[in-house]
Amino acid sequence: REVEPEPAIVDSPKVIAHRGANDRFNESTITAYKIAAEDGVDALEIDLRMTADGALIAMHDETIDRTTNGTGNATDYSLQEIKELETSEVFGEQRTMEEIPTLREILETFRDTEHYYIETRLVHGELVMEEPLIELLLEYDLLSQDLVTIQSFSEESLEKIQTLAPEIPLTLLFGKEKFNLKKAKTSDYPIIGIEATDVTMKSVNELHRQGKEVHVFFTDEVTTRKEQERVYELNVDGYFTDDIRFTKELLKKD
Ligand code: G3P
Ligand code: CA
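Cut-offs and rules
- Residues numbered from 1 in each chain as written.
- Chains lettered and ligands numbered in written order.
- Predicted model: local features only at pLDDT ≥ 70, side-chain atom pairs only at ≥ 80, totals over all residues.
- Helix = DSSP H or I, 4+ residues; strand = E, 2+ residues; numbered from the N terminus.
- Rg over C-alpha atoms; globule rule 2.2 N^0.38 Å.
- Buried ≥ 20, exposed ≤ 12 C-beta atoms within 10 Å, placed from the backbone.
- Contact = placed C-beta atoms within 7 Å.
- Core = buried A, V, L, I, M, F, W, Y, C linked by C-beta atoms within 7 Å.
- Axes fitted to C-alpha atoms, helices over the stretch in contact; angles between N-to-C directions.
- Left-handed = near helix turned anticlockwise from the far one by under 90°.
- Nonpolar A, V, L, I, M, F, W, Y, C, P; charged D, E, K, R; others polar.
- Near = placed C-beta within 6 Å.
- Pairing = 2+ DSSP bridges.
- pLDDT = per-residue confidence, 0-100.
- UniProt positions renumbered as here; feature names shortened; annotations may be inferred.
- Arc of directions from axis to C-beta.

Participant: Explain the overall build of the protein chain to me, and be specific about the residues and the numbers.
Facilitator: Looking only at helices and strands, one finds nine helices and eleven strands in the protein chain. Over its C-alpha atoms the protein chain spans a radius of gyration of 18 Å, differing by no more than 12% from the 18 Å that the globule rule assigns to 254 residues. Counting only C-alpha atoms and orienting by the principal axes, one finds that the protein chain spans roughly 60 × 45 × 35 Å. Scored against the burial criterion, the 254 residues of the protein chain give a buried share of 41%. Residue pairs in contact within the protein chain that sit at least 24 positions apart in sequence constitute 56% of those at least 6 positions apart.

What follows is the structure, encoded as structure tokens:
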């Protein structure tokens, strides 16, 4: 008998704005998040880095080279120095610039009107961003309203979050070509994040049977739309999308 996809765990799969609407404005900026929010997404995805003086900022890469007019590691800059830089990107014929936001500025902008899907990581091998992160989320009263999901490739980081705030849903991420179904199935985490090309019907079905959601991220720009269509057939539960409008259309969401 042919294997059929299991139903999704959620009623309506989640559209997660990967670094904001990064197809229309500089990734991980307030404007990119505002565009995503206007589009009506289920969550804003935010990668965290920590400055030399301990501020949490929205930035994906370890270095500031690709996305800003500076060079070097984000962690070597103080917050004041980070604020003197600008993100810089070309869309069509226009170069757009905007400062790097702190997590606090993002939370101050959207307060409790959005769901935040925050990615933590170790800083120089240390678990130092988790405590200030939870403090900030409590300050903005987001946890009692279920407005936060935390994701990480680092199990250590997720364990620490779990100790500090057990109510937060956690997503264990697996890097491209590193997906391990056995580990995902036996992990404590309710959501598993997998790179699109690693997603198979067997994995999705087995994770669904364990009651786990499967959220998919995409690393290959050329095949992203095709991969979104492919994983749609497998009833995955969330899309970290770089193309919000396409994903909403695919999922027939208003
Ligand atoms: O957080 C899901 C996805 O963002 C993981 O990959 O490298 O884009 O953070 P990355
Ligand atoms: Ca991320």
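Participant: I'd like to hear about the nonpolar core, residue by residue, with values.
Facilitator: If you look at the biggest cluster of nonpolar residues, it comprises 60 residues, and the most contacted ones within it are L44, Y116 and V216. Considering each element in turn, this core owes the most residues, five residues, to strand β2 (residues 43-50). Not counting the four nearest positions on each side in its chain, Y116 is found in contact with A43, L44, I46, L142, L147 and V148.

Participant: Residue-level account of unusual backbone geometry, with values.
Facilitator: For E177, which is not glycine, the phi torsion reads 65 degrees and is therefore positive. The residue E177 is located in the loop between β8 (170-173) and α6 (181-186) in this model. Given 8 C-beta atoms within 10 Å, E177 falls into the exposed group. Positive phi outside glycine occurs at N235, with the angle close to 60 degrees.

Participant: So what's going on with the packing of helix α1 (residues 30-39) against helix α3 (residues 103-110)? Residues and values would help.
Facilitator: One can describe the packing of α1 onto α3 by two numbers: an axis separation of 11 Å at closest approach and a directional angle of 35 degrees. The interaxial crossing formed by α1 with α3 has right-handed handedness. Contacts from I30, Y33 and A37 of α1 reach α3 at E105, I106, T109 and F110. Its residues assigned to classes, the contact of α1 with α3 shows five nonpolar, one polar and one charged.

Participant: How would you summarise the site of ligand 1 if you had to cite specific residues and measurements?
Facilitator: Surveying the vicinity of ligand 1 reveals the residues H18, E45, D47, H60, E119, Q151, L173, G193, F217 and F240. Class assignment for the residues of the shell around ligand 1 results in three nonpolar, four polar and three charged.

Participant: Before we move on, can you summarise the environment of V222 with the specific residues and values?
Facilitator: Relative to the elements of secondary structure, V222 occurs in the loop between β10 (213-217) and α8 (224-233). Residues V222 and K252, spaced 30 residues apart in sequence, show a C-alpha to C-alpha distance of 23 Å.

Participant: Give a detailed account of the pairing of β10, specifying residues and quantitative values.
Facilitator: In terms of burial, β10 is largely enclosed, as five of its five residues are buried. Of the two faces of β10, the one carrying E213, H215 and F217 and the one carrying V214 and V216 are both buried. Pairing analysis gives five bridges linking strand β9 (residues 191-195) to β10, with the strands arranged parallel. Across the sheet, the residue bridging to G193 is H215, located in β10.

Participant: A description of the confidence of the model for the protein chain should follow, citing residues and the corresponding values.
Facilitator: Across the protein chain, the average pLDDT comes to 97, with 99% of residues at or above 70. In the model output, the complex is listed with pTM 0.97 alongside ipTM 0.97.

Participant: Please set out the UniProt feature "domain: GP-PDE" (unreviewed entry) in the protein chain residue by residue, giving values where relevant.
Facilitator: The feature "domain: GP-PDE" (unreviewed entry), as given by UniProt, occupies residues 13-251 in the numbering adopted here. Helix makes up 32% of residues 13-251 and strand makes up 22%, while its end C-alpha atoms are separated by 7 Å.

Participant: Residues and numbers for helix α4 (residues 130-139), please.
Facilitator: All of the buried residues along α4 are E130, L133 and L137. Down the axis, α4 shows its buried residues gathered within 65 degrees of arc, on one side only. Opposite the packed face of α4, turned more than 90 degrees from it, sit the exposed residues E131, E135 and E139. In this fold, the buried residues of α4 make contact with β3 (56-58), β6 (116-120), β7 (148-152) and α5 (155-164). The first or second residue beyond α4 is D141, which carries a positive phi of 55 degrees.

Participant: Account for the pairing of β2, naming residues and giving values.
Facilitator: The buried fraction of β2 is high, at seven of eight residues. With two bridges connecting them, strand β1 (residues 14-17) and β2 associate as parallel partners. In the strand pairing of β2, I16 is matched with A43. As defined by bridge partners, β2 adjoins β6 across four bridges and the pair is classed as parallel. Bridge pairing in β6 links I46 to I118. Strand direction decides the pairing type here: β2 and β3, joined by three bridges, are antiparallel. Paired with M50 across the bridge in β3 is L56. Between β2 and the antiparallel strand that follows it, β3, lie five residues; G54 among them carries a positive phi value of about 90 degrees.

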